Amino acid sequence: CWTCSAKHWRPATRAGAGRSSFNFSRSTARFAGVASRPSIRVAASPGKSSTIEKMMADTSNGLLVLNFWATFCKPCVEEIPHFIKTANKYKDRGLKLLLVSLDLPAQYPVKLKAFAKKHQFNAPLAWLDESNADYFCPKVNPKWSGAIPATLFINNKTGYRNFVEEQIPHEQLKIEIRAILKKG
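This structure is a prediction, so every number in the text was calculated from the model and none was measured.

Comments concerning the pattern of salt bridges
- Under the definition given, this model contains two salt bridges.
- In this structure, glutamate 78 and lysine 74 form a salt bridge, with 4.0 Å as the shortest nitrogen-oxygen distance. Linking glutamate 78 with lysine 74, this pair stays in helix H2 (residues 74–90), spanning four residues, or about one helical turn.
- Of the residues examined, glutamate 78 reaches a relative accessible area of 42% and is grouped as partly exposed.
- Here lysine 174 ties to glutamate 171 by a salt bridge, and the two come within 3.2 Å at their closest N and O atoms. Of this pair, lysine 174 and glutamate 171 both sit in helix H5 (residues 170–182), separated by three residues, roughly a single helical turn.
- For lysine 174, a relative accessible area of 28% puts it in the partly exposed group.

Section: helix H3 (residues 110–118)
- Among the residues of H3, Leu112, Phe115 and Ala116 are the ones counted as buried. Seen from one end, H3 has its buried residues packed into an arc of 95°, which puts them on one side. Of the exposed residues in H3, those oriented more than 90 degrees away from the buried face are Val110, Lys117 and Lys118.
- On its buried face, H3 sits against strand E5 (63–69), H2, strand E6 (95–101) and strand E7 (125–128).

Section: empty space enclosed by the protein
- All chains considered together, the criterion is met by two cavities of 30 Å³ or more.
- Reported here for the second largest cavity is a volume of approximately 30 Å³.
- Residue lining of the second largest cavity: Val65, Phe83, Thr86, Ala87, Leu95, Leu97, Leu173 and Ile177, and that is the complete set.
- Among the elements that take part in the lining of the second largest cavity, H2 stands out by supplying three residues, more than any other.

Let's talk about the nonpolar core
- Judged by nonpolar contacts, the single largest core of 52 residues is most densely connected at Leu66, Phe68, Trp144 and Phe153.
- Looking at this core element by element, the count peaks at seven residues for H2.
- Apart from the residues within four sequence positions on either side, phenylalanine 68 is in contact with Ile52, Cys76, Val100, Leu102, Phe136, Val140, Trp144, Ile148, Pro149 and Ala150.

Describing the packing of aromatic side chains
- Inspection of every chain in the model, using the stated rule, returns eight aromatic pairs.
- Ring geometry for phenylalanine 68 and tryptophan 144: centres 5.1 Å apart, planes at 45°, overall tilted. Of the two residues, phenylalanine 68 sits in strand E5 while tryptophan 144 sits in the loop between helix H4 (133–140) and strand E8 (150–155), which places them 76 residues apart along the sequence. One exposure class covers both phenylalanine 68 and tryptophan 144, and it is buried.
- Aromatic side chains phenylalanine 115 and phenylalanine 121 sit 6.1 Å apart centroid to centroid with 70° between the ring planes, which places their arrangement in the edge-to-face category. The pair formed by phenylalanine 115 and phenylalanine 121 is uniform in burial state, with each residue classed as buried.
- Every member of this aromatic cluster is reached through a ring pair, and the members are Phe68, Phe136, Trp144 and Phe163.

Concerning H2
- With 17 residues, H2 should cover 24 Å at 1.5 Å per step; its first-to-last C-alpha distance of 26 Å lies within 8% of that length.
- Considering bend angle alone, the principal kink of H2 is centred on isoleucine 80 and spans about 30°; proline proline 81 follows within four residues of it.
- All buried positions along H2 are accounted for by Pro75, Cys76, Val77, Glu79, Ile80, Phe83, Ile84, Thr86, Ala87 and Tyr90.
- Its buried side turned inward, H2 meets E5, E6, H3, E8 and H5.

Analysis parameters
- Residues numbered from 1 in each chain as written.
- Predicted model: local features only at pLDDT ≥ 70, side-chain atom pairs only at ≥ 80, totals over all residues.
- Heavy atoms only, no water.
- Salt bridge = Lys/Arg side-chain N within 4 Å of Asp/Glu carboxyl O.
- Helix = DSSP H or I, 4+ residues; strand = E, 2+ residues; numbered from the N terminus.
- Buried < 20%, exposed > 50% of the residue type's maximum accessible area, 1.4 Å probe, protein only.
- Arc of directions from axis to C-beta.
- Contact = heavy atoms within 4.5 Å.
- 1 Å grid on protein atoms, 1.4 Å probe; cavity = no way out; pocket = protein on both sides within 12 Å on 5 of 7 lines; lining within 4 Å.
- Points joined across faces, edges and corners; volume = space filled by probe spheres on them.
- Core = buried A, V, L, I, M, F, W, Y, C linked by side-chain atoms within 4.5 Å.
- Phe/Tyr/Trp six-rings, centres within 6.5 Å; stacked < 30°, edge-to-face > 60°.
- Expected span 1.5 Å × (residues − 1).
- Bend = angle between axes of the 7 residues up to and from the residue.

This is the structure we're talking about:
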C-alpha cells in the first residue's frame, strides 16, 4: 500500500513494523529487457537476476545512477526522459543509468515493458523483486523513507555517493551529473 504526498509516493509502512503489499523477501532485480542489452555487467542479459547491492558496490561500474521509480508515480515518469537524455550525453565518460522499477509484481514483465516502450524509455530497466521497504531502503541509503522518485548517484572509484529522495528537475540533474563526473 502506497500513500501519496504532494511531491512523490511513499510506502505507508516504511517507518513502522508493517509490510508493504510487495513480496520482497529477496533483494533482486529482474531485467525487463527494454534495452537490447543492459550495460550493467552484473546483469548482462535480460532475465538474469542480480542484487542491487552488488551493483552499488561493483567498482567496475564506475559512474552509476540508480533511479527508483514506478509506472504509477507521475513525478517519476516525468523525470525519466531527462535522465535518459543526460545519461546518453555522458555515456562516453563512463556514466551508466539503471531505471529500477518498484512496480507491483503484476506489472512485471509484460506491462512494464509495454509502458517503457510507450514512453520511449530506452535505458536499461530492472524490476525490484523486494517489497519490504524496511529491509531494502536502508541498504540503498539509511535515510531513505521509501518515497519515490529516488535517485542514487555513485562513483565507486572515488567513493562518491549522493542520494536524492524527490523528483529532480532537469537543471538540478545536470548539476548532480557534473558533480559525479568531477569526482571521477
